Amino acid sequence: MSSSDGVIEVAHLSKSFGAVRAVDDLTFQVQPGRVTGFLGPNGAGKTTTLRMLLGLVSPTSGSATIGGKPYHELRQPMRTVGAALEAASFHPGRTALDHLRVYAPQAGVPDSRASEVLDLVGLSFAANRRVGGFSLGMRQRLGLATTLLADPPVLLLDEPANGLDPEGIRWLRVFLRSLAAQGRTVLVSSHVLSEVEQTVDDVIIIARGRLVHSSTLDALARLALPRVRVASPDVAGLDALVAQAGWEAAADASSPGRVELLGVDAAAVGAAAFAARVELSELTPHDPGLEQTFLSLTSPAQDATTGGAR
Ligand SMILES: Nc1ncnc2c1ncn2[C@@H]1O[C@H](COP(=O)(O)OP(=O)(O)OP(=O)(O)O)[C@@H](O)[C@H]1O
């Protein structure tokens, strides 16, 4: 395997459906060995992007490749990428095992692989039950089992946590992390950050078809740290205070006599300023939290691309 084999690359990808620009000049990369969250509100363009990666929808412009190739040029597609799109439909009269056996020849694997993958997703107990009677969570697991038939290095999962109960979500988290730990590329879409926040290493956030943020989860979490905005007429005094206390200032929000401090408590700043006899003209705490940060990144008011830090 070459190092680019599991890399997903989307470059200047756009798709219009009539007047609707579903995906708009989208560029990002997804790396192997990591779980990447593909996030955005309803209608942001996540499913359309995944469908373009899978060759189910043709781009208006730009490219979407897996291991350097568009889907239709992959020599063994099912051995390269496993995909579970949201609207996975199963023949209701088939048992779980039969469903997988139908796909086994396409995946180029023996029938015996069907029970192996059912076991992997914890669905062996329902192997001989008809899919028509499955809960949404059981369907999700069966969809996941289908993606794993040919043991592909790349997985594209559209809203895999949808319909899972808290125990199921916990199970999914451990399972996806183990797939990434085996060196696979795992791309998971969701419209809620909190659903995947404990699962993902990296985040790609889109809104209205455009990229609004791409970074590690840690870098996103830093944007969400509590902040205190501090201003003083005593510019030198404020600088000395910040330096002496060792507080970290947000690089993007500082100007002479004005600073935004990361991860500190407003009361502690007030006390230190008082002790150092530095007059303050502003002391405003702000604690956005991760979910709020996500919401403000994807809100219509916010259209600038941020991040890119790794
Ligand atoms: N086949 C289609 N024909 C017309 N419009 C479409 C089609 N597919 C998607 N769209 C539109 O493109 C936009 C993006 O839709 P998409 O399903 O990709 O978003 P999404 O991020 O996956 O949303 P959700 O979280 O609701 O699944 C929406 O405005 C949608 O109505």
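Residues numbered from 1 in each chain as written. Predicted model: local features only at pLDDT ≥ 70, side-chain atom pairs only at ≥ 80, totals over all residues.

As a reminder of what qualifies: UniProt positions are given in the numbering used here, feature names are shortened, and annotations may be inferred rather than shown by experiment.
You'll find the protein chain entered in an unreviewed UniProt entry as ABC transporter ATP-binding protein, with Cellulomonas chengniuliangii given as the organism. As recorded by UniProt, the Sequence similarities (unreviewed entry) comment attached to the protein chain reads in full: "Belongs to the ABC transporter superfamily."

## Details of the overall build of the protein chain
Here is the rule: Helix and strand assignments follow DSSP, with helices taken as H or I runs no shorter than four residues and strands as E runs no shorter than two, numbered in order from the N terminus. A residue is called partly exposed when the number of other C-beta atoms within 10 Å of its own lies between 12 and 20, exposed at 12 or fewer, and buried at 20 or more, with C-beta atoms placed from the backbone. Note on contacts: each residue gets a C-beta atom placed from the backbone, and two residues are in contact if those atoms are within 7 Å.
The helix and strand inventory of the protein chain stands at 11 helices and 14 strands. Counting only C-alpha atoms, the protein chain reaches 75 × 40 × 40 Å along its principal axes. Burial analysis of the protein chain (310 residues in total) assigns 37% to the buried set. Considering only residue pairs separated by 6 or more positions, the protein chain has 70% of its internal contacts joining residues 24 or more positions apart.

## Side note on the pairing of strand β12 (residues 258-262)
Just so we agree on the cut-off: Strands were regarded as paired on the criterion that DSSP finds at least two bridges between them.
Along β12, the buried face is formed by Val259 and Leu261; none of Arg258, Glu260 and Leu262, which line the opposite face, is buried. Judged from the 2 bridges that link them, strand β11 (residues 248-249) and β12 form a sheet pairing that is antiparallel. The residue of β12 that forms the bridge with Ala249 is Leu261.

## Brief notes about the site of the ligand
For clarity, the threshold we go by: Any residue whose C-beta atom, as placed from the backbone, lies within 6 Å of a molecule or strand is termed near it. Nonpolar residues are Ala, Val, Leu, Ile, Met, Phe, Trp, Tyr, Cys and Pro. Charged residues are Asp, Glu, Lys and Arg, and all others, Gly as well, are polar.
Around the ligand sit Phe17, Val20, Ala22, Gly40, Asn42, Gly43, Ala44, Gly45, Lys46, Thr47, Thr48 and His191, and those are all the residues in its vicinity. Broken down by secondary-structure element, the contributors of at least two residues to the shell around the ligand are β2 (20-30) and α1 (46-53). With 3 residues, α1 is the single largest residue contributor to the shell around the ligand. Looking at side-chain class alone, the shell around the ligand contains 4 nonpolar, 7 polar and 1 charged residues.

## A closer look at the nonpolar core
Generally speaking, nonpolar side chains in soluble globular proteins are found buried as a group. Put simply, the rule is: By convention in this section, buried Ala, Val, Leu, Ile, Met, Phe, Trp, Tyr and Cys residues joined through C-beta atoms within 7 Å make up a nonpolar core.
Grouped together as the largest cluster of nonpolar side chains are 62 residues, with contacts concentrated most on Ala145, Leu156, Leu187 and Val188. Core analysis: the next-biggest nonpolar cluster, separate from the first, contains 10 residues, Val228, Val230, Leu241 and Val269 among them.

## Brief notes about the sheet that holds strand β4 (residues 61-66)
Note the cut-off: Angular values range over 0 to 180 degrees, each being the angle between N-to-C directions of two axes fitted as lines to C-alpha atoms, with helices fitted over their stretch in contact.
Read across the sheet, 3 strands follow the order β2-β1-β4 without closing on themselves; strand pairing throughout is antiparallel. Only two strands of the sheet have a single partner each, and these edge strands are β2 and β4. For this sheet, the mean inter-axis angle between neighbouring strands, taken without regard to orientation, is 20 degrees. Pairing analysis gives 5 bridges linking strand β1 (residues 8-17) to β4, with the strands arranged antiparallel. Note that in β4 the partner of Val10 across the bridge is Ala64. The sheet strands contacting α1 are β1, β2 and β4, and the helix crosses β1 at an angle near 115 degrees.

## Some remarks on unusual backbone geometry
In this structure, His12 takes a positive phi of about 45 degrees despite not being glycine. With respect to the helices and strands, His12 occurs in strand β1. Residues other than glycine seldom take positive phi values, yet Asp25 does so here, at roughly 55 degrees. Summarising the element assignment, Asp25 is placed in strand β2. We classify Asp25 as partly exposed; it has 14 C-beta atoms within 10 Å.

## Remarks on the sheet that holds β11
The strand order β11-β12-β10-β13 describes an open sheet built from 4 strands, whose pairing is antiparallel. A strand with exactly one partner marks an edge of an open sheet, and here the two such strands are β11 and β13 (282-286). Of the strands in this sheet, β10 (227-231), β12 and β13 touch helix α10 (residues 266-275), which is tilted by about 160 degrees from β13.

## Some thoughts on the environment of Val154
Relative to the helices and strands, Val154 resides in strand β6 (residues 154-158). In this structure the C-alpha to C-alpha distance between Val154 and Thr185, which are 31 residues apart in sequence, comes to 4.7 Å. Among all residues touching Val154, those that are not within four sequence positions of it are Gly6, Ile8, Ile66, Thr80, Val81, Arg184 and Thr185.

## Points about the domain arrangement of the protein chain
We apply this condition: A domain assignment, automatic or from a database, supplies the domain bounds used here.
Domain boundaries in the protein chain define domain 1 (8-216) and domain 2 (225-287). The distance between the C-alpha centroids of domain 1 and domain 2 comes to 45 Å.

## What about the pairing of strand β5 (residues 81-84)?
The side-chain alternation of β5 yields two buried faces, one formed by Val81 and Ala83 and the other by Gly82 and Ala84. Of the pairings in the sheet, the one linking β5 to β6 comprises 4 bridges and is parallel in character. Pairing of Ala83 across the sheet is with Leu156, part of β6.

## Notes on the confidence of the model for the protein chain
Definition in use: Residue-level confidence of the predictor, termed pLDDT, takes values from 0 up to 100.
Averaged over all residues, the pLDDT of the protein chain equals 90, while 94% of them reach at least 70. Across the protein chain, element-level confidence peaks in β1 with a mean pLDDT of 98 and bottoms out in strand β14 (residues 306-307) with 44. Residue range residues 303-310 is modelled with pLDDT below 50. Its contacts to residues more than four positions away, or to other chains, number 15 contacts. Here the complex is predicted with pTM 0.84, and the ipTM for its interfaces comes to 0.96.

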